[in-house]
Amino acid sequence: MTIETPAAAPEKKSALKKGRGFLIALSVAIGVAAIAAWIALGVGLYLDVSRQTRIILAVVAAVATEALFWSVAATLGLSVLEARKRIWRKITGRG
């Protein structure tokens, strides 16, 4: 005599878990872009490019780094964003 157990119901994925793979891929792509931007800035400094070009390279590297931070924060969840808000409140004295 065998005892049959009901089949386990398939686990439903939440919308956040479904999109996590996309967020990870996005973070990796932005990370590659940020690294490339910083390498370009370093090469530009080494080659002694004009001031205007250096400023453009620095702005692109800064924006790419900020985009990387926010994409990683989105991948890890909202707790990272809340922690950053608390840190900025302590630094600025508004909290």
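Treat the numbers as computed from the prediction; the structure is a model and nothing was measured. (Residues numbered from 1 in each chain as written. Predicted model: local features only at pLDDT ≥ 70, side-chain atom pairs only at ≥ 80, totals over all residues. Heavy atoms only, no water.)

## Some words on the overall build of the chain
Looking only at helices and strands, the chain features three helices and zero strands. The order of α-helices and β-strands along the chain, N terminus first, is α-α-α. Out of the 95 residues belonging to the chain, those deemed buried represent 16%. Within the chain, contacts between residues separated by at least 24 positions form 56% of all contacts whose residues are at least 6 apart in sequence. Split by element, the accessible area of the chain, about 7,900 Å² in all, is 69% carbon and sulfur. (Helix = DSSP H or I, 4+ residues; strand = E, 2+ residues; numbered from the N terminus. Buried < 20%, exposed > 50% of the residue type's maximum accessible area, 1.4 Å probe, protein only. Contact = heavy atoms within 4.5 Å. Areas by Shrake-Rupley, 256 points an atom, 1.4 Å probe, with all protein chains shown as cover.)

## Some remarks on unusual backbone geometry
We note that Asp48 has phi near 55°; this positive angle belongs to a residue other than glycine. Tracing the sequence through the fold places Asp48 in the loop between helix 1 (15-46) and helix 2 (51-76).

## Considerations on the side chain of Thr75
Structurally, the position occupied by Thr75 is in helix 2. If sequence neighbours within four positions are ignored, Thr75 has contacts with Arg20, Leu23, Ile24 and Ser27.

## A closer look at a nonpolar patch on the surface
A cluster of nonpolar side chains, Ile35, Ile39, Val43, Tyr46 and Leu47, forms an exposed patch at the surface whose accessible area comes to about 590 Å². Relative to the helices and strands, Tyr46 resides in helix 1. (Patch = residues over 30% accessible without salt bridge, like charges linked within 9 Å, V, L, I, M, F, W, Y side chains within 5 Å. Salt bridge = Lys/Arg side-chain N within 4 Å of Asp/Glu carboxyl O.)

## A word on helix 2
In this model helix 2 runs 37 Å from its N-terminal to its C-terminal C-alpha over 26 residues, within 8% of the 38 Å that 1.5 Å per residue would give. Among the residues of helix 2, Ala61, Ala64, Ser71, Ala73 and Thr75 are the ones counted as buried. Gly77 sits one or two residues past helix 2 and shows a positive phi near 120°. (Expected span 1.5 Å × (residues − 1).)

## Points about the confidence of the model for the chain
With 78% of its residues at a pLDDT of 70 or more, the chain shows a mean pLDDT of 83. No element of the chain has a lower mean pLDDT than helix 3 (residues 78-92), at 79, and none a higher one than helix 2, at 92. (pLDDT = per-residue confidence, 0-100.)

## Brief notes about the packing of aromatic side chains
The final tally for this structure, using the stated rule, is one aromatic pair. Here the aromatic rings of Phe69 and Trp70 are separated by 5.4 Å at their centres, their planes lie at 85°, and the arrangement is edge-to-face. Residue classification places Phe69 among the partly exposed residues on the basis of a relative accessible area of 31%. (Phe/Tyr/Trp six-rings, centres within 6.5 Å; stacked < 30°, edge-to-face > 60°.)

## Digging into the side chain of Ser27
Positionally, Ser27 belongs in helix 1. A polar atom in the side chain of Ser27 sits 3.1 Å from the side chain of Thr75. Excluding anything up to four places from it in sequence, Ser27 contacts Leu68, Ser71, Val72 and Thr75. (Polar contact = N/O pair within 3.5 Å; in protein donor to acceptor, adjacent residues only side chain to side chain.)

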